[in-house]
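Here's the letter readout for the chains.
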Amino acid sequence: MAKGEGGEQYSNASLLNKPVSSDGIQLARKHEHRNRLSVCNKICYAIGGAPYQITGCALGFFLQIYLLDVAQLDPFYASIILFVGRAWDAITDPTVGFLVSRSPWTRFGRMLPWIVLSTPLAVLSYFLIWYVPPFEDGKVIWYLFFYCIFQTLQTCFHVPYSALTMFISSEQKERDSATAYRMTVEVLGTVLGTAIQGQIVGMANAPCLPGPGDIVANLSTSSKLLNDSEPVISLEHTRAAYMIASGVICAIYVLCAIVLFFGVRERKESSSRPRSEPMGFFQGIKLVMGHGPYAKLVMVFLFTSLGFMLLEGNFALFCSSTLGFRNDFQNILLVIMLSATLAIPFWQWFLSRFGKKTAVYAGSLSVIPFMILVVCIKSNLIVTYIVSFAAGVGVAAAFLLPWSMLPDVVDDFQVQNPDSTGHEALFYSFYVFFTKFASGISLGISTLSLDFAGYISRGCTQPTAVDLTLKLLVSAAPVALILTGLVILYWYPIDEERRQGNRKLLQEQRENEADSETDSTELANMV
């Protein structure tokens, strides 16, 4: 018999035999009111998620094209920077999660000090990623060093912030509502990151260079047609634009951290059970990955995230090189993110109406036709805008659903392991580890593939092999990965019935603990 089933039978029996007093009702109401979050609390909490998405979106969409066309690195070295940087980032997540889980409680909480202390150095290292150093020999080391440093410091911000979901309220309904606020702000953050980086840089695009094929096709006119902006905009202007955009993003990063710190109160675990003894790093891995529902959920979103990250990392190059929209790709990206923002409330309603598992299927499958369509249609700017807007609806589901389902897995673990507490950061950090590792693989392999295909840095046109490679990276490969993730989702065991059952069991545990605390207080007063 499963632990959850035994716990439910025991809890139901105890409820039948236990008289309900007016004091108990008042205590339950007081407990519910104490755990209710105001709209202001939810907004301040949600704003804390913006820095991760703003910087992540700017890096995800623009770092590859920046390294290739602005910093003018060889595609092979660019692939090393992207892969090693993201792989290092992935390794730091469970490490930071392990350290956070062992952190002592302070007057500001256990998660918030990590967020505040990591912010200053994080923004400095982020700014230096977008600076082109005045030397050539150590340029690869420069970008790799500051990319890894920034990813480490951002992990010290994001892992505690992700785990903070479990400490802003003990009510599942309040956490789900706060998660919806957070996802909305995070998608707005992607819009903001795309708009700031794309529009500022878009006004100073790096001038392209005609390739041998362009000159042969029309020697007398191609240079003028392909480089009509070159007399006005130089590569130095483009580099300055990237630095201005990074400065604006750094200011927003600091502002969001301040709002989060002063607008959210981290609540200490209300459980009267003592917190579990700190465990070793590999013990933590065994603990979280040994929980079946968590392992399946991680595998699902490992594959789906890898698919979406392949699309994200290569879409800017696909639009500018294959579709020929060199001066419009930043606007196409902005349309996708705006559409995703508008679709978040719809998916929040959909998952509450039909369940989270059904929402994952519907959201992921809805984007596949547009992934196929965008590579099949002839280059047409209006049609590309329409397809991008429709694809953004599915992208919204990819943002919302993983973070909405993770608290359910943590609750399921707490029901089955009531004596093991204080491991929330481990669950969140290992999930982020797998998604970032997927990002590193996708960026490294895709950039290396472009090198093998013969990508021309700053080329106005690319070889046919490069166009075919980009089509595979934004369509065929993501579709296959998403479908693989959805097949694994079939065996994910937490449906709506089990989720609601876990919620009731945890609520009963909290009420019983509150009653025990009340009885102990009354007994102490009598003595």
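Scoring rules and cut-offs
- Residues numbered from 1 in each chain as written.
- Predicted model: local features only at pLDDT ≥ 70, side-chain atom pairs only at ≥ 80, totals over all residues.
- Heavy atoms only, no water.
- Salt bridge = Lys/Arg side-chain N within 4 Å of Asp/Glu carboxyl O.
- Helix = DSSP H or I, 4+ residues; strand = E, 2+ residues; numbered from the N terminus.
- Buried < 20%, exposed > 50% of the residue type's maximum accessible area, 1.4 Å probe, protein only.
- Expected span 1.5 Å × (residues − 1).
- Polar contact = N/O pair within 3.5 Å; in protein donor to acceptor, adjacent residues only side chain to side chain.
- pLDDT = per-residue confidence, 0-100.
- Contact = heavy atoms within 4.5 Å.
- Axes fitted to C-alpha atoms, helices over the stretch in contact; angles between N-to-C directions.
- Parallel < 35°, antiparallel > 145°, perpendicular 65-115°, else oblique.
- Left-handed = near helix turned anticlockwise from the far one by under 90°.

S.K.: Which residues make up the pattern of salt bridges, and what values go with them?
M.R.: Enumeration according to the criterion identifies seven salt bridges in this entry. Arginine 182 serves as the salt-bridge partner of glutamate 186, at 2.8 Å between the closest nitrogen and oxygen. Taken together, the positions of glutamate 186 and arginine 182, both in helix α8 (residues 172-202) and four residues apart, correspond to about one turn of that helix. Residue classification places glutamate 186 among the buried residues on the basis of a relative accessible area of 1%. The buried category is assigned to arginine 182, whose relative accessible area is 1%.

S.K.: Kindly report on helix α6 (residues 112-129), identifying the contributing residues and their values.
M.R.: For α6, which comprises 18 residues, the first-to-last C-alpha distance of 26 Å matches the rise-based estimate of 26 Å (1.5 Å per residue) to within 8%. Within α6 the residues assigned to the buried category are Leu112, Ile115, Ser118, Thr119, Ala122, Val123, Ser125, Tyr126, Leu128 and Ile129.

S.K.: Describe in detail helix α5 (residues 75-101), supporting the description with residues and values.
M.R.: An ideal rise of 1.5 Å per residue puts 39 Å on 27 residues; α5 measures up with 39 Å between its terminal C-alpha atoms. A distance of 2.9 Å separates the backbone nitrogen of phenylalanine 76 from a side-chain oxygen at the start of α5, and that oxygen is part of aspartate 74.

S.K.: Residues and numbers for the environment of isoleucine 43, please.
M.R.: Within the secondary structure, isoleucine 43 is located in helix α3 (residues 39-47). Residues isoleucine 43 and valine 264, 221 residues apart in the sequence, show an inter-C-alpha distance of 9.2 Å.

S.K.: Lay out the confidence of the model for the protein with the relevant residues and their values.
M.R.: On average, residues of the protein score 78 in pLDDT, and 81% of them are at 70 or above. For the protein, per-element mean pLDDT is lowest for helix α1 (residues 3-17), which scores 38, and highest for α6, which scores 93. Across residues 1-21, confidence stays below pLDDT 50; counting only partners more than four residues off in sequence or on other chains, it has 15 contacts. Segment residues 216-231 is flagged for pLDDT under 50; beyond a separation of four residues in sequence, or across chains, it makes 11 contacts in the model.

S.K.: Residue-level account of the packing of helix α4 (residues 50-69) against helix α7 (residues 139-163), with values.
M.R.: The contact between α4 and α7 brings their axes to 12 Å, and the two run at 160°. Between α4 and α7, the interaxial angle falls into the category roughly antiparallel. For α4 against α7, the interelement crossing comes out left-handed. Touching Pro51, Tyr52, Thr55, Leu59, Leu63, Tyr66 and Leu67 of α4 are Tyr143, Tyr147, Phe150, Gln151, Gln154, Phe157 and His158, all from α7.

S.K.: For unusual backbone geometry, give the residues involved together with the corresponding values.
M.R.: Of note in this structure, glutamine 72 is not a glycine but carries a positive phi near 60°. Position of glutamine 72 relative to the elements: it lies in the loop between α4 and α5.

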